[in-house]
Amino acid sequence: MTPSYQKLIPYIEKRRKLHYLCSILNYDMATCCPTKSLEEIGVLLSEVDVEGANVSKDPEFIRLVKEAAQDPELNDAERRFVEHELESIEYLEKLSSEEYLAMRKAYTKSNEMWRLYKPSGDFSSWLPYWEACVEAKRKECSLKRKDGETLYDVCLRTYEPGSSEKEIDRVFIPLKAYLIPKVKEAIKKQASAPKAKNLAFPKEKQERLSYALLKVIGYDLDMGALRESEHPFSDNLSRYDARITTNYDEGDFRSSLFSVLHEGGHALEFQHWPEKQYEDGVEGFATAAICETHSRFYENLLGRSKAFVPTLRKALAETLDPSFVSWSDEEIYALGNEVKPIANRCDSDELTYSLHIILRYEIEKELINGRISCAEVPAMWNRLTEEYLGVKIENDRDGCMQDIHWTDGEFGYFPSYALGNIYGAMILNKMKESIDVPLLLREGNLSPILDWLAEHDYPHDYKKPVDWIRAVTGRDMDSSDFIAYLDEKY
């Protein structure tokens, strides 16, 4: 580590501790915080968040970052950190602490009130808080915008550096054209296939299944935790603390099954970042699409594969009901692979999932760019859902209020899920060059898969996406592997 970068370490450590505190508060809010305490904790969360921002606004820190930026001896990770900080410094220099706090409060208040009004689908009561959130996001984007960018371009590069509306349109327009007829074709082909049955199980049994699956994939509970929340999520709180949540539907256990594999896939990445990334202060620099690559890798490419059927059958029989032992391979496989368009993104099948992402992308792009208002979102959501998926939305709870992302300003995140599908198919093909993935899945021995990711993938994921995927696979991003995967499977 160069002397110029060494001077930044105390600031990195302070922000790391404040991030840990914010993450603990957020996890508590989502899982077990008393309703009457939500507002108080929300205020506390905003204030701690501002303290972290103040570290970045410290004149001495800014001077040291600019000094380090001139150091030709920085390694790749240190250079990535400094470039990131320079962008953040430029933005924060345009805001007073009061303005920053007001924006953070708009995000947290919107999220808080969404938690209150989502169960009843009361969009009109939530609307004024969401409008304030969206207005804050537009202001944030206007301050960060560079020449030639739209407001929504800023949202995209926040989560995926190098991305833009033009680039996403290039991928999503043909993908949508491919998927809409492909879904109809798959539904016809599956007409005679076995249908999922016996889906209702009490939460207690589903919890046992969740822990069994986490054990199979290698999630370390000594470095994490599993709790229940309204919307499943994962978070890297600290070096030895990567927590996840799920949500249990007692009428259909598949919801928690695949959300646990998804969030567990996130957390495996967090738990296996090399120590060097922490030394350099770049843990957590993986972009949204890189992170979603790993979650969807475990959820779909592994968890919904035919090869995983014997392992899944065993887990189901040991936790839910011994009768699963007698289920055929086709019946077990049908649990996760029936193509059936539904309103809920998280519970949707692998083929229709990307259409859920595309409609969200199209809406949030129009919203942030100011071409539609918040009040117009439900109607647009309902129209696109019926047009793309053939599903009618009965209430806003199951429509535009179903996701957490928009409630606290995370606009631009949704495309990362579809990009993760593309990256994941590339990584799986590369992995198969050196290990027999199907055999390992059938045997329930997923350790070599995790070891491969820990050696060839996770150490690079602090890099920008174009450099990361090239380091992992030796190729630039290419959707052909994902399209071939879908064609073979469906």
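Everything quoted here is computed from the prediction, not taken from an experiment.

Draft legend 1. Highlighting the overall build of the chain. Each helix and strand counted, the chain has 22 helices and three strands in total. Here the chain has a C-alpha radius of gyration of 22 Å; the compact-globule value for 490 residues is 23 Å, and the two agree. Taken along its principal axes, the extent of the C-alpha atoms in the chain is 65 × 50 × 45 Å. Expressed as a percentage of its 490 residues, the buried residues of the chain come to 58%. Look at the contacts in the chain between residues 6 or more apart in sequence, and 72% of them connect residues 24 or more apart. For the chain, the accessible surface area stands at approximately 20,500 Å², while carbon and sulfur atoms represent 51% of it. Looking at the chain, you have 63 positive and 87 negative side-chain charges, and the mean spots of the two groups are 2 Å apart.

Draft legend 2. Just helix α13 (residues 288-302), in detail. When the terminal C-alpha atoms of α13 are compared, their 20 Å separation across 15 residues agrees well with the 21 Å that a helix rising 1.5 Å per residue should span. Along α13, the sharpest kink reaches roughly 40°, centred on R296. Counting buried residues in α13 gives 15 out of 15 residues, a clear majority hidden from the surface.

Draft legend 3. Representation of the nonpolar core. Counting residues in each nonpolar core, the largest one holds 133 residues, and the members touching the most others are W130, F253, F297, Y298, L316 and I449. Other than its neighbours up to four places away in sequence, F297 contacts L302, G424, I427, L428, M431, I449 and L453. By size, the runner-up hydrophobic cluster in this structure holds 28 residues, among which are C22, C33, L74 and F285.

Draft legend 4. Structural context of the packing of helix α10 (residues 203-217) against helix α11 (residues 254-271). Running from amino to carboxyl end, α10 crosses α11 at an angle of 35°, the nearest separation of the two axes being 10 Å. The two elements α10 and α11 meet at a crossing, and its hand is right-handed. For the pair formed by α10 and α11, the contact residues are Q206, L209, S210, L213, L214 and I217 on the first element and S256, L257, V260, L261, G264, G265 and L268 on the second. Partitioned by chemical class, the residues of the contact of α10 with α11 number eight nonpolar, five polar and no charged.

Draft legend 5. Up close: the pairing of strand β3 (residues 241-246). With six of six residues buried, β3 is to be regarded as a mostly interior element. Side chains of β3 alternate between two faces, with D241, R243 and T245 and A242, I244 and T246 buried alike. Of the strand pairs in this sheet, strand β1 (residues 226-228) and β3 are connected by three bridges, and their pairing is parallel. Its bridge partner lying in β3, E228 is registered against T246. Examined bridge by bridge, strand β2 (residues 234-238) and β3 share four bridges and lie antiparallel to one another. Directly across from S234, in β3, lies its bridge partner I244. Following β2, the chain reverses through two residues before pairing antiparallel with β3.

Parameters at a glance
- Residues numbered from 1 in each chain as written.
- Predicted model: local features only at pLDDT ≥ 70, side-chain atom pairs only at ≥ 80, totals over all residues.
- Heavy atoms only, no water.
- Helix = DSSP H or I, 4+ residues; strand = E, 2+ residues; numbered from the N terminus.
- Rg over C-alpha atoms; globule rule 2.2 N^0.38 Å.
- Buried < 20%, exposed > 50% of the residue type's maximum accessible area, 1.4 Å probe, protein only.
- Contact = heavy atoms within 4.5 Å.
- Areas by Shrake-Rupley, 256 points an atom, 1.4 Å probe, with all protein chains shown as cover.
- Lys, Arg positive; Asp, Glu negative; His and termini not counted.
- Charge placed at Lys NZ, Arg CZ, Asp CG, Glu CD.
- Expected span 1.5 Å × (residues − 1).
- Bend = angle between axes of the 7 residues up to and from the residue.
- Core = buried A, V, L, I, M, F, W, Y, C linked by side-chain atoms within 4.5 Å.
- Axes fitted to C-alpha atoms, helices over the stretch in contact; angles between N-to-C directions.
- Left-handed = near helix turned anticlockwise from the far one by under 90°.
- Nonpolar A, V, L, I, M, F, W, Y, C, P; charged D, E, K, R; others polar.
- Pairing = 2+ DSSP bridges.

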